[in-house]
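Chain by chain, the residues:
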Amino acid sequence: MPYYRQVGQIPPKRHTQFRRPDGELYAEELMGVEGFSADSALLYHRNLPTAIVDAQAVPEDSRHTTPNLPLKPRHIRTQELKWESPAEVDAVTGRRLLFGNADVRICFAAATCPSPLYRNAAGDELLYVQTGSGVVETIYGALAVGEGDYLVIPTSCTYRVVPGGDGEPMRLLVLEATGHIGPPRRYLSARGQFLEHSPYCERDLRGPTEPLLAEGTDVDVLVRHRAGVTRYTYAHHPFDVVGWDGCLYPWAFNIRDFEPITGRVHQPPPVHQTFEGPNFVVCSFCPRKVDYHPLAVPVPYNHANVDSDELMFYVGGNYEARKGSGIGIGSMSLHPSGCTHGPQPGAVEAALGVDYFDETAVMVDTFRPLELGEAGQACEDPRYAWTWSGRGPERS
Ligand SMILES: [Fe+2]
């Protein structure tokens, strides 16, 4: 995270005695990435964060992925995903795997009840709230989130997701990275400040503002790690941090605060880039004025991303280039490396002279091929690959 934050009580000097009201010492915990050579946060716990009383391996549902064979564009309809008990879906154990590769797993949940306490020790997570609202409670404090929010949760941050009590599910896209997720480096100064050409900056970000304290003994925490999932039982509730400071913490950013970069002619997808992760990027396509050259073609040209797979999640408006394809709100399109893709037939002509696109979409471009998870296969529209020609094998 690019800038320093301080929450709650901390002593004036790090690694010095800091005592609870009863005279006992608070327990320091340094959360640091890349050893001790990059961003970190220093947290002060009421109790020892090391005190575990049990550890159990947890069997997992299928994390298996299937190669995209035959290689073709895919249309996934998350709006048709079903859960066995919709009223008992949580954002951790209820997430289902849409796509994955060695760098990132792309999951979806329609969360209706609080999740267990959880942390991902294998990498950062990026949550995107498609609809609904709730609170994400973390050891750093709580963050209220709602529609359009991205939430970056650093590796090994213990948290849980509590959907709002309005009965509406929190529909969440969840990216589980195998490394760290942050703003694109080209938008940051050498010391981490957002530069003037960045489409968002510090003023758009939200972080925890006060400690979150909970009482409890023998508290379970699910931990995803490189070899699987383990359930730890902690002697004390992990939400016992009275204060912390540093540059490593969960933070939220709403897609509506992304200021689109536009031009006289069509701007390429990197202008929409919002985050970078290990071998993938995340972009935000937001409502915007479009190309203002008098002869501009505002929708994208056909393109072959020879080095990446392109996954687009359609969350608002009506995506101009996909009109007539069957894609709607909640749909995802996968345009893999090896396939040229472009606007649906008629979309180019329909967009000529248009000066505003009312469309919101989240794009994930991965530099290793994406494979399909069980949920991706469960809600696929098999007709999509043939929508440019208007006919496919089932109709020939
Ligand atoms: Fe594309």
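Here, the structure is the one placed above.
Residues numbered from 1 in each chain as written. Predicted model: local features only at pLDDT ≥ 70, side-chain atom pairs only at ≥ 80, totals over all residues. Heavy atoms only, no water.

Caption draft 1: Broad picture of the pairing of strand E6 (residues 96–100). Counting buried residues along E6, 5 of its 5 residues qualify, which places the element largely inside the surrounding structure. Examined bridge by bridge, E6 and strand E7 (residues 104–111) share 4 bridges and lie antiparallel to one another. Pairing of Arg96 across the sheet is with Phe108, part of E7. Here E6 hands over to E7 after 3 residues, the two strands then running antiparallel side by side. Strand direction decides the pairing type here: E6 and strand E27 (residues 371–372), joined by 2 bridges, are antiparallel. Counterpart to Gly100 in the pairing with E27 is Glu371. (Buried < 20%, exposed > 50% of the residue type's maximum accessible area, 1.4 Å probe, protein only. Helix = DSSP H or I, 4+ residues; strand = E, 2+ residues; numbered from the N terminus. Pairing = 2+ DSSP bridges.)

Caption draft 2: Highlighting the sheet that holds strand E3 (residues 40–45). Taken together, the 4 strands give an open sheet; going across it, the order is E1-E18-E3-E2, and neighbouring strands pair in antiparallel fashion. The open sheet has two edge strands, strand E1 (5–8) and strand E2 (27–32), and neither has a second partner. Neighbour-to-neighbour, the strand axes of the sheet open up by a mean angle of 15°, direction not taken into account. Sheet topology places E3 next to strand E18 (residues 241–246); 5 bridges connect them, and they run antiparallel. Each bridged residue has a counterpart across the sheet, and for Tyr44 the counterpart in E18 is Gly243. (Axes fitted to C-alpha atoms, helices over the stretch in contact; angles between N-to-C directions.)

Caption draft 3: Geometry of the packing of aromatic side chains. Enumeration according to the criterion identifies 16 aromatic pairs in this entry. Judged by centre distance (6.5 Å) and plane angle (55°), the rings of Tyr200 and Phe275 are tilted. Residue Tyr200 is located in the loop between strand E14 (170–177) and strand E15 (205–206), and its partner Phe275 is located in strand E20 (residues 273–277); the two are separated by 75 residues in the primary sequence. Residue Tyr200 shares its accessibility class with Phe275, and that shared class is buried. (Phe/Tyr/Trp six-rings, centres within 6.5 Å; stacked < 30°, edge-to-face > 60°.)

Caption draft 4: Molecular detail of the coordination of the iron ion. The protein atoms that coordinate the iron ion are His303 (NE2), Glu310 (OE), Glu310 (OE) and His341 (NE2), at distances of 2.0 to 2.4 Å. Bound by 4 donor atoms, the iron ion shows angles of 57 to 163° at the metal and therefore irregular coordination geometry. (Donors = N, O, S within 2.8 Å, 3.2 Å for Na, K, Ca; no water. Tetrahedral: all angles 85-135°; square planar, octahedral: opposite > 155°, others 65-115°.)

Caption draft 5: Seen up close, unusual backbone geometry. Geometrically, the link from Leu69 to Pro70 is a cis peptide bond, its omega value of -10° lying close to zero. Of note, Pro70 is situated in the loop between strand E4 (52–57) and strand E5 (74–77). Unlike most non-glycine residues, Asp218 shows phi in positive territory, near 50°. Mapped onto the fold, Asp218 is located in strand E16 (residues 217–225).

Caption draft 6: Main features of the side chain of Glu176. Inspection of the secondary structure puts Glu176 in strand E14. Within the structure, Glu176 has its side chain in polar contact with the side chain of Arg63 (distance 2.6 Å). Those residues in contact with Glu176, other than ones at most four positions away along the chain, are Arg63, Arg95, Asp103, Val104, Arg105, Cys107, Tyr118, Asn120, Asp124, Glu125 and Arg224. (Polar contact = N/O pair within 3.5 Å; in protein donor to acceptor, adjacent residues only side chain to side chain. Contact = heavy atoms within 4.5 Å.)

Caption draft 7: Here's a closer look at the side chain of Arg288. Here Arg288 is to be found in strand E22 (residues 288–289). A residue is classified by how much of its surface remains accessible, and Arg288, at 10% relative accessible area, is buried. Of the polar contacts made by the side chain of Arg288, one reaches the side chain of Glu359; its length is 3.0 Å. Apart from residues lying up to four places away in sequence, Arg288 is in contact with Pro260, Thr262, His272, Asp355, Tyr356, Phe357 and Glu359.

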